[in-house]
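Reading the structure
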Amino acid sequence: SVVRALAALAATGNFWLAAIASLGRILGGLAFGCFLGGLLAALTYRFRWGEYILAPAIRVIRATPVVCFILLLYLWVNRTRIPGVVSALMVLPHLGNLDAGLRSTDGQLLELARAYRFSPWKTVRLIY
C-alpha cells in the first residue's frame, strides 16, 4: 500500500514541486553552511581570539542530536526553512576542521609565496 501511495503521489506535479523545493532548500543550507564555516575558519585562523569564542559553540552543535535542532527550529523559524537551517548547522562544525588544515600548512611554502610575491588569491589557490 505504501508503494501504491508513493506511485500515486509521484504521478502528480505537486509532489515533484515539493521535492525539488525541499532539495533546493537543503542545497542552499549546505552552501550557506560551507560559506559560513569557511568564513569562521578563516577568522579563527587569522585571529586566535576567534577560536576561543567560537570553539564552545561548535562543540555544542557537534554534541547535540539533529532531532533536538529540528524540534527547536519548529518553534523558532518558518516550517519551510527547517531543512536549510538544519543542513547548514550540520555542515558548519565539520568545516571547522578547515582551521586545523590552515594551521598545518607548510611554512616554507608560505615563505616561497611571499618570495615570489604571490597575490593573496594565488596563495590561497595554489598553496592552501
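Let me begin by describing the structure that accompanies this report.

Counted under the stated rule, the structure contains 3 aromatic pairs. Judged by centre distance (5.0 Å) and plane angle (85°), the ring pair of Phe-15 and Trp-16 falls under edge-to-face. Assessed through its relative accessible area of 26%, Phe-15 is described here as partly exposed. Accessibility expressed as a relative area gives 46% for Trp-16, which makes it partly exposed. Seen in terms of ring centroids, Tyr-45 and Tyr-128 are 6.1 Å apart; in terms of plane orientation they differ by 75°. Their pairing is edge-to-face. Here Tyr-128 lies in the segment after helix H8 (120-126) and Tyr-45 lies in helix H2 (residues 13-46), a separation of 83 residues in the sequence. If you follow Lys-122 out to its NZ or CZ, it ends over the ring of Phe-118, 4.7 Å from the centre.

For the structure on display, the rule yields 3 salt bridges. The salt bridge partner of Arg-103 is Glu-51, with a shortest N-O separation of 3.6 Å. Of this pair, Arg-103 sits in helix H6 (residues 97-103) while Glu-51 is found in helix H3 (residues 48-63), placing the two residues 52 residues apart along the sequence. Among the residues examined, Arg-103 registers a relative accessible area of 34% and is labelled partly exposed. A salt bridge links Asp-99 to Arg-103, with the nearest nitrogen and oxygen atoms 3.3 Å apart.

The next subject is unusual backbone geometry. For Arg-117, which is not glycine, the phi dihedral falls at a positive 55°. Position of Arg-117 relative to the elements: it lies in the loop between helix H7 (107-115) and H8.

This paragraph deals with the nonpolar core. If you look at the biggest cluster of nonpolar residues, it comprises 5 residues: Ile-58, Ile-61, Phe-69, Leu-89 and Leu-92. When contributions to this core are tallied by element, the ones reaching two or more residues are H3 and helix H5 (82-95). Each residue touching Phe-69, except ones within four places of it in the same chain, is listed here: Ile-61, Thr-64, Leu-89 and Met-90.

Procedures and definitions
Residues numbered from 1 in each chain as written. Predicted model: local features only at pLDDT ≥ 70, side-chain atom pairs only at ≥ 80, totals over all residues. Heavy atoms only, no water. Phe/Tyr/Trp six-rings, centres within 6.5 Å; stacked < 30°, edge-to-face > 60°. Buried < 20%, exposed > 50% of the residue type's maximum accessible area, 1.4 Å probe, protein only. Helix = DSSP H or I, 4+ residues; strand = E, 2+ residues; numbered from the N terminus. Lys NZ or Arg CZ within 6 Å of the ring centre and 35° of its normal. Salt bridge = Lys/Arg side-chain N within 4 Å of Asp/Glu carboxyl O. Core = buried A, V, L, I, M, F, W, Y, C linked by side-chain atoms within 4.5 Å. Contact = heavy atoms within 4.5 Å.

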